[in-house]
Structure formats: C-alpha cells, structure tokens
Amino acid sequence: MAGVVVPAEGVPLPKTVQEMSINGEEPPPQFLAKENPFGALDSSPTSDSVPLIDISILSSSDDELEKLRLALSSSGCFQEEKQKCSRAAHDVQGYGHDLIVSDKQVLDWCSRLFLRVFPENQRRDNLWPQIPHDFRDILHEYSMKIKHLMNVLFEAMARSLNLEEKSFSDQFGEQPVMQVRFNFYPPCSRPDMVLGVKPHTDRSGITVLLQDKEVEGLQIIKDGKWITVPVLPDALVVNLGDQMQIMSNGVLKSPVHRVVTNTEKLRMSVAMFNEPDPEKEIGPVEQLMDDNKPRLYRNVKNYAVINYECFQKGIVALETIKIG
Ligand SMILES: O=C(O)CCC(=O)C(=O)O
Ligand SMILES: [Fe+2]
C-alpha cells in the first residue's frame, strides 16, 4: 500500500516503562544503551549556542535569513484512554512503546502517541483520544498553525540559499503528510545507562518540536560532542529531517539527536513531522548541483519506507541513497 509503513510483528514488552518507573525497578537489559562515541550519557553540557531565530522577521530581515541559513547548515537544529487508543502489533499509529523489530534492539524509555494529522481524510479517528474532550480541536488547530509555519520556513530556507521561493515547498506535492508524536518519558533509575530516545535523525522534511516547559532532555551532536538543547519558554525547536538534507543536496543538515532520561521528573514533548506526498519523487534542487558540488543523493519516492527498511536492518537510510 503506497505511503504506509507496515511494521514487522511487534513483540510486546512484559511491562510498560511507566509501570517500571513507578515501581522503581531496574531497567531490563533491552533498555541498556551501549557505549557511544560522543561521550558518556551524563556529561553533556546545556548549550547556549543553539540559535534562536525570530520567524516573524524572516521576510523583512536579511540578517535573520542569514542566521537561519547558518543555523541549518551547521548543527541543523533551531520540544483507560490509552488502552482505547493503543497501537496494534502491526500498526505504527496509536499509543504504545517501541516497535520491536529485532532482539538486538536497544529500547527507548518512552511511551508515545503517534497519529497522522494530514491529509485530513487519512486520520484514524478511533485512535484520537476523546479525553481531554478538546484534544481533537486543539490538535487540529495546532497542526494547521504548524503547517503554515513549516511553509514559511521552507520558503525562507529557499530564499536563504538564493533559490526560487517554492524550490522546497513544491517538492512536497499535492498531499503532503503530517504526523504528530506525543512523547512521554517517565523518570528512570539509570539515566547513565538508559536513553529516552536512541540517537537518530528524523526521516521528515522538517520537525517542529514543542519541548517540555521545565525538563531538559533533548541533545544534539555539535562539533563531535553531545550538547543539551535548553528549555526556552514559548520557543519551538525546529529540526531538519533527512528529506530536507536530500533536497538541499546536503547543504542543510539533518542533525543526529537523542533524548536522555533523569531520575526525578517526567518529561513530555510534542513533535510534528511533515513529509512529501509518498507518490511524489523528491531530489536535490538543480541549482544546488554543479561541477564543484555534484549530486549527493539520487531521487527517491516514499522515503518513509526506505527509512523503515533500513531501521529494521540497523543501517543508516541516507547512506543507501548516496551517490558515489
Ligand atoms: O522528545 C524530544 O525532545 C525529541 C523526540 C524526538 O527526537 C522524536 O520524536 O523524533
Ligand atoms: Fe527525532
């Protein structure tokens, strides 16, 4: 079925992370992250170098546009109902934990509600919580606003690279997809060993994240080190995904990021991802390729499926569509 990722059969966990968190249990071995090359889990300073961009002046200020280009080309980073909405073993949408695709997989200390919001006729109403009663209206309104914001950003990104304004936005096609993920990270007794989300890049075009108002946890790799993205009241975190790295021929970067756990506080975040229409072929913008900067990626359709197949095999999706 076009545009739909069909997961392998998920093996259910004996307990949810909330249960283990409430009981103060030691995380089981499947949750223990291996040593990683970017330093120990508990040694990532909060950064004051994640740039803050004022979106309202992007169309009037060349300086702000330049700030946007610099930011995105360096680090790429600018936060009884559950049962009814729970994810079926073969499904990606709904409420649940990691889909388990291999017994070697390191699991995330996180439960999530994952929903498709656009196209509107593809919403799975039965998986949208009815409580709180205004959840649907608020999510709809928020999605419309974020969709608009994403468009503003795509056009600003194109202008910041001296491209025709629609160079990126047009690639998303007639029926672009938007999905939302509500992430819940309960306190964990072993933050030195267990991650809220393993290191990854987003497969999206762009991700807009509403971070927890108080609790830090998101980290990105900058200059070869993990740094913590600070909590800034009323700021959204804008994170480029792999598909913008492809369309920009590698000029804009899809940053590797992860979420760490803590022993004290629950953390929540809401991530909105947009993706091109799965029927639409995307590829590097012509003007970003020449003899000095040859094409880095082949054109692709339905990167979601490529990305999922790579995840199952434990390989990096972007690498598989690289040329040369
Ligand atoms: O919770 C966060 O801050 C980030 C979550 C994330 O990276 C994701 O959902 O892809
Ligand atoms: Fe992510």
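Predicted, not measured: the structure shown is a model, and the values here were computed from it. (Residues numbered from 1 in each chain as written. Chains lettered and ligands numbered in written order. Predicted model: local features only at pLDDT ≥ 70, side-chain atom pairs only at ≥ 80, totals over all residues. Heavy atoms only, no water.)

Chemist: An account of the environment of glutamate 279 is needed here, citing residue identities and associated values.
Modeler: Among the structural elements, glutamate 279 can be located in the loop between strand E10 (267–275) and strand E11 (281–282). By relative accessible area, which is 49% here, glutamate 279 ends up partly exposed. For the pair glutamate 279 and phenylalanine 172, spaced 107 residues apart in sequence, the C-alpha to C-alpha distance is 9.7 Å. (Helix = DSSP H or I, 4+ residues; strand = E, 2+ residues; numbered from the N terminus. Buried < 20%, exposed > 50% of the residue type's maximum accessible area, 1.4 Å probe, protein only.)

Chemist: Account for the coordination of the iron ion (ligand 2), with residues named and values stated.
Modeler: On the protein side, the iron ion (ligand 2) has His200 (NE2), Asp202 (OD) and His257 (NE2) as donor atoms, found 2.1 to 2.2 Å from it. Ordering the donors of the iron ion (ligand 2) by residue number gives the pattern H-x1-D-x54-H. Of this pair, aspartate 202 sits in the loop between strand E4 (195–200) and strand E5 (206–210) while histidine 257 sits in strand E9 (residues 257–260), and the two are 55 residues apart along the sequence. For the residue pair aspartate 202 and histidine 257, the accessibility class agrees, reading buried in each case. (Donors = N, O, S within 2.8 Å, 3.2 Å for Na, K, Ca; no water.)

Chemist: Explain the sheet that holds strand E2 (residues 111–118) residue by residue, including any values.
Modeler: Read from one edge of the open sheet, six strands run E1-E2-E3-E10-E5-E8, paired in antiparallel fashion. On the outer flanks of this sheet lie strand E1 (94–96) and strand E8 (237–240), each paired with one strand and no other. Ignoring which end each strand starts from, the neighbouring axes of this sheet average 20° apart. Sheet analysis places strand E3 (residues 177–185) next to E10, joined by nine bridges and oriented antiparallel. From the neighbouring strand, valine 180 faces E10, where its bridge partner is methionine 272. (Pairing = 2+ DSSP bridges. Axes fitted to C-alpha atoms, helices over the stretch in contact; angles between N-to-C directions.)

Chemist: Hey, could you go over the pattern of salt bridges for me, with residue numbers and the actual values?
Modeler: Going through the model one piece at a time under the given rule, you end up with 16 salt bridges. In this structure, the salt-bridge partner of lysine 166 is glutamate 155, at a minimum N-O distance of 2.8 Å. Remark: glutamate 155 occurs in helix H4 (residues 135–160) and lysine 166 occurs in the loop between H4 and E3; sequence separation between them is eleven residues. Exposure remark for lysine 166: the relative accessible area of 34% places this residue in the partly exposed category. On the basis of relative accessibility, which here comes to 17%, the residue glutamate 155 falls in the buried class. The network of salt bridges with common partners includes Asp98, Asp108, Arg112 and Lys198. (Salt bridge = Lys/Arg side-chain N within 4 Å of Asp/Glu carboxyl O.)

Chemist: Quick one: what's the story with helix H6 (residues 303–313), residue by residue and with numbers?
Modeler: Every buried residue of H6 is listed here: Tyr303, Ala304, Ile306, Asn307, Tyr308 and Cys310. Packing partners of the buried residues in H6 comprise helix H5 (242–247), E10, strand E12 (300–301) and helix H7 (317–320). At the C-terminal side of H6, glycine 314 shows a positive phi close to 75°. (Contact = heavy atoms within 4.5 Å.)

Chemist: Before we move on, can you summarise the site of ligand 1 with the specific residues and values?
Modeler: As a structural note, the neighbourhood of ligand 1 is formed by Arg181, Asn183, Tyr185, His200, Asp202, Leu209, Leu218, His257, Val259, Arg267, Ser269 and Phe273. Side-chain polar atom of histidine 257 to an oxygen atom of ligand 1: 3.1 Å apart, as the coordinates give it. Considering ligand 1 on its own, with 300 Å² of exposed area, one finds that the protein chains cover 98% of that surface. Residue assignment for the shell around ligand 1 shows that the elements contributing at least two residues are E3, E9 and E10. (Near = heavy atom within 4 Å. Polar contact = N/O pair within 3.5 Å; in protein donor to acceptor, adjacent residues only side chain to side chain. Areas by Shrake-Rupley, 256 points an atom, 1.4 Å probe, with all protein chains shown as cover.)

Chemist: I'd love a proper account of the nonpolar core, names of residues and values included.
Modeler: In terms of nonpolar packing, the biggest core is built from 52 residues, with Leu68, Leu139, Met157 and Phe168 touching the most fellow members. It is H4 that contributes the most residues to this core, ten residues altogether. Those residues within four positions of methionine 157 in sequence are excluded, and the remaining contacts are Leu68, Leu72, Phe168, Ile206, Leu240, Met244 and Leu252. Within the second largest apolar cluster, 14 residues are counted, among which are Val50, Cys110, Leu209 and Ile227. (Core = buried A, V, L, I, M, F, W, Y, C linked by side-chain atoms within 4.5 Å.)

Chemist: Explain the environment of aspartate 108 to me, and be specific about the residues and the numbers.
Modeler: With respect to the helices, strands and loops of the structure, aspartate 108 is situated in the loop between E1 and E2. For aspartate 108, a relative accessible area of 6% gives the class buried. Setting aside its immediate chain neighbours within four residues, aspartate 108 contacts Val17, Phe31, Asp98, Leu195, Gly196, Val197 and Lys198.

Chemist: Describe the environment of proline 278, with residues and values.
Modeler: Inspection of the secondary structure puts proline 278 in the loop between E10 and E11. Using a relative accessible area of 17% as the deciding quantity, one classes proline 278 as buried. Taking the C-alpha atoms as reference points, proline 278 and tyrosine 303, 25 residues apart in sequence, are found 7.6 Å from one another.

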